[in-house]
Amino acid sequence: MKKIFIFLGIVLILCSFNRGSSKPIPAGEKLVYAGSYNMSGLMTHLAQVTMSTENVSTSKNQYLHLSCELTTFSKWDKFFKIRDLYETYVTPGSLKPNLYKRSIDEGGYTKKEKYVFKGTSVTSTAKKRNKPETVRTFTIGANTVDAITLLYKVRQLDLSQMKTGQTKAFTIVFDEKQIPVSLKYMGKETISAGNLGSKSCHKLSIGAKTDALRGKDKNLIWLTADEYQVPALMKFSIPVGTGELKLTSASGL
């Protein structure tokens, strides 16, 4: 299931596109998605993905807390129980990541990670199951950020200037390494966006130098073509099958 979150981060690596007039990311926003997986030829709804934002203050700084949680429904837990939480603390406005945390529990496999960002240096702490905790410091590019930050950073960018077939190359940090990716603009389509109704959306295709994603133009995302640029639909193709995340409700925009 971690490959789904690699997909989620990669699809939104648009950091060097020109800024448009999109609204800042507000605290109190909540996006809920139906997570489905192709089982024996049928797209089966088996999980819920919830993305939310909130303000968090310390004695010295104020942060915007971004979180993304994936939970399988109880009736599917006996087959493969998933309780994943990805969260990051960013500087409001710029969405510069300061702290990224990841906690996964997938069918008995557990892993906890923490990334501390300082300029182009990242210190990661990781613990898998009963293995000893590891600490590593490595260098990243100036525009490299964590996956969850990217899920929101795209909302401040201007996709209306992209031309069909235009591509960009970017980098994401995941699993204590940097992953090169490419993104291709594929025009506009009108699709259902949950309680937002039928919406015109920007369609994007994602490719990456990783075995997490498979197929040409099989990993796709549709972003509402308005000031909010909400991810309305995501389709992914990974080594173990295909699936989708479909927006069911959006609030606090």
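That block above? That's the structure.
Throughout what follows, the structure given in this document is the object of discussion. (Residues numbered from 1 in each chain as written. Predicted model: local features only at pLDDT ≥ 70, side-chain atom pairs only at ≥ 80, totals over all residues. Heavy atoms only, no water.)

Things to note about the pattern of salt bridges
To keep it simple, the criterion reads: Salt bridge, as used here: a side-chain nitrogen of Lys or Arg that lies within 4 Å of a carboxyl oxygen of Asp or Glu. Only DSSP runs of H or I with at least four residues qualify as helices, and only runs of E with at least two residues qualify as strands; both kinds are numbered from the N terminus onward. Under the scheme applied here, a residue whose accessible area is under 20% of the maximum for its type counts as buried, over 50% as exposed, and between as partly exposed, the area being computed with a 1.4 Å probe on protein chains only.
All told, the structure shown has 6 salt bridges when counted by the stated rule. Linking Lys203 and Glu189 is a salt bridge whose minimum nitrogen-to-oxygen distance equals 3.2 Å. In this pair, Lys203 is assigned in strand β11 (residues 198-208) and Glu189 in strand β10 (residues 177-192), connecting sequence segments 14 residues apart. For Lys203, a relative accessible area of 14% puts it in the buried group. Take Glu189: its relative accessible area is 32%, and that puts it in the partly exposed class. Linked by salt bridges that have partners in common, Arg102, Lys111 and Glu113 make up one network.

Details of a positive patch on the surface
For clarity, the threshold we go by: Each patch is built from residues that are more than 30% exposed by relative accessible area and take part in no salt bridge. Like charges join if they lie within 9 Å; nonpolar side chains (Val, Leu, Ile, Met, Phe, Trp, Tyr) join within 5 Å. Calculation of accessible area relied on Shrake-Rupley with a 1.4 Å probe; when residues are assessed, cover is drawn exclusively from the protein chains displayed. Working convention for charge: Lys and Arg count positive, Asp and Glu count negative, and His plus the chain ends are omitted. Charged groups are reduced to one reference atom each: NZ for lysine, CZ for arginine, CG for aspartic acid, CD for glutamic acid.
A cluster of basic residues, Lys128, Arg129, Lys131 and Lys177, forms a positive patch on the protein surface. Along the polypeptide, Lys128 turns up in strand β7 (residues 121-128).

Side note on the packing of aromatic side chains
The condition is simple: Working definition: rings of Phe, Tyr and Trp (its six-membered ring) pair if their centres are within 6.5 Å, and the pair is stacked with planes under 30 degrees apart, edge-to-face with planes over 60 apart, and tilted otherwise.
As enumerated under the stated definition, the model contains 3 aromatic pairs in all. For the ring pair Trp76 and Phe79, a centre distance of 5.9 Å and an interplane angle of 50° mean the geometry is tilted. Of this pair, Trp76 and Phe79 both sit in helix α2 (residues 74-80), 3 residues apart, roughly one helical turn. Phe79 sits in the exposed class, given a relative accessible area of 60%. Considering the side-chain rings of Tyr86 and Phe174, the 6.5 Å spacing of their centres and the 15° angle between planes classify their relative orientation as stacked. With Tyr86 in strand β4 (residues 83-91) and Phe174 in strand β9 (residues 167-174), the pair connects residues that are 88 residues apart, well separated along the chain. Across this residue pair, the class does not change: Tyr86 and Phe174 are buried.

Observations concerning unusual backbone geometry
A positive phi angle, near 55°, is found at Leu95, a position not held by glycine. Taking the relative accessible area as the measure of exposure, Leu95 reaches 1% and is therefore buried.

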